[in-house]
Amino acid sequence: QVQLVESGGGLVQPGGSLKLSCAASGFTFSSYAMRWYRQAPGKERELVATITNVGGGTGYAESVKGRFTISRDNAKNTVYLQMNSLKPEDTAVYYCNTLYLARNYWGQGTQVTVSS
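Keep in mind it's a predicted model, so treat the numbers as computed, not measured.

## Thoughts on the environment of V2
So, point 1. Within the secondary structure, V2 is located in the segment before β1 (3–7).
So, point 2. The exposure class of V2 is buried, given its relative accessible area of 11%.
So, point 3. Along the primary structure V2 and Y100 are separated by 98 residues, whereas in three dimensions their C-alpha atoms are 8.5 Å apart.
So, point 4. Those residues in contact with V2, other than ones at most four positions away along the chain, are S25, G26, F27, Y100 and Y105.

Structure below.
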């Protein structure tokens, strides 16, 4: 079955960096677009970044453009989110996502807290 497992979250000071990873299994990873979402307390889940399956085209939310970079390693079935210049408003649970056979799959999430 499809499994997505995030890692790499933690506590970081404003201006710092973190790199999230999402290990995927149960489907042909290289054939599917991958996304990172986040959900802050009391807010709706929002799309942060997308990477396509072919060519690695990327897209970002305006709030993270120029600071976050999504990438993928198809040999390792892993998608990454490099987060630089972190701000307190980036604090959220970050989720990995893919749409496979018309169904959305989510990981368990990893907490990112940006605070001094």
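Resuming the write-up.
## Points about the pattern of salt bridges
So, point 1. Throughout the structure, instances matching the rule amount to 4 salt bridges.
So, point 2. R38 serves as the salt-bridge partner of D90, at 2.9 Å between the closest nitrogen and oxygen. Taken together, the residues D90 in the loop between β8 (78–83) and β9 (92–100) and R38 in strand β4 (residues 34–39) connect sequence positions 52 residues apart. Comparing D90 with R38, the two get one shared label, buried.
So, point 3. Between R67 and D90 there is a salt bridge, with the nearest N and O atoms lying 2.7 Å from each other. Here D90 lies in the loop between β8 and β9 and R67 lies in the loop between β6 (58–60) and β7 (68–73), a separation of 23 residues in the sequence. D90 shares its class with R67; the two are buried.
So, point 4. One network of salt bridges, in which partners are shared, links R38, E46, R67 and D90.

## Let's talk about the side chain of E6
So, point 1. Mapped onto the fold, E6 is located in strand β1.
So, point 2. No salt bridge is formed by the buried E6; the nearest opposite charge belongs to R45, separated by 7.5 Å.
So, point 3. Look past the residues within four positions of E6 in its chain and what remains in contact with it is S21, C22, W36, Y94, Y95, C96, G107, Q108, G109 and T110.

## A short note on the state of the cysteines
Two cysteines form a disulfide when their sulfur atoms are joined by a covalent bond.
So, point 1. For the structure on display, the rule yields 1 disulfide.
So, point 2. Residue pairing for C22: its cysteine sulfur links by disulfide to C96, the two sulfurs lying 2.1 Å apart. Residues C22 and C96 are joined through a disulfide that is left-handed, its torsion about the S-S bond being -80 degrees. Taken together, the residues C22 in strand β3 (residues 18–25) and C96 in strand β9 connect sequence positions 74 residues apart. Assigned by exposure class, C22 and C96 land together as buried.

## Thoughts on the packing of aromatic side chains
So, point 1. Evaluation of the coordinates by the stated rule reveals 7 aromatic pairs.
So, point 2. Between Y32 and Y100 the ring centres are 5.2 Å apart and the planes differ by 75 degrees, which places this aromatic pair in the edge-to-face class. Here Y32, found in the loop between β3 and β4, pairs with Y100, found in strand β9; they are 68 residues apart in sequence, far enough to count as distant.
So, point 3. Judged by centre distance (6.4 Å) and plane angle (90 degrees), the ring pair of Y95 and W106 falls under edge-to-face. Highlighted residues: Y95 in strand β9 and W106 in strand β10 (residues 103–106), separated in sequence by 11 residues.
So, point 4. Look at Y95 and you get buried, because its relative accessible area is 13%.
So, point 5. Put simply, the rings of F27, F29, Y32, Y100 and Y105 pair up and form one aromatic cluster.
So, point 6. For K19, the ring lying beneath its charged end belongs to Y80, and the centroid distance is 4.6 Å.
So, point 7. Across from the ring centre of Y95, 3.8 Å away, lies the NZ or CZ of R45, which sits over that ring.

Cut-offs applied
Residues numbered from 1 in each chain as written. Predicted model: local features only at pLDDT ≥ 70, side-chain atom pairs only at ≥ 80, totals over all residues. Heavy atoms only, no water. Helix = DSSP H or I, 4+ residues; strand = E, 2+ residues; numbered from the N terminus. Buried < 20%, exposed > 50% of the residue type's maximum accessible area, 1.4 Å probe, protein only. Contact = heavy atoms within 4.5 Å. Salt bridge = Lys/Arg side-chain N within 4 Å of Asp/Glu carboxyl O. Lys, Arg positive; Asp, Glu negative; His and termini not counted. Disulfide = S-S within 2.5 Å. Phe/Tyr/Trp six-rings, centres within 6.5 Å; stacked < 30°, edge-to-face > 60°. Lys NZ or Arg CZ within 6 Å of the ring centre and 35° of its normal.

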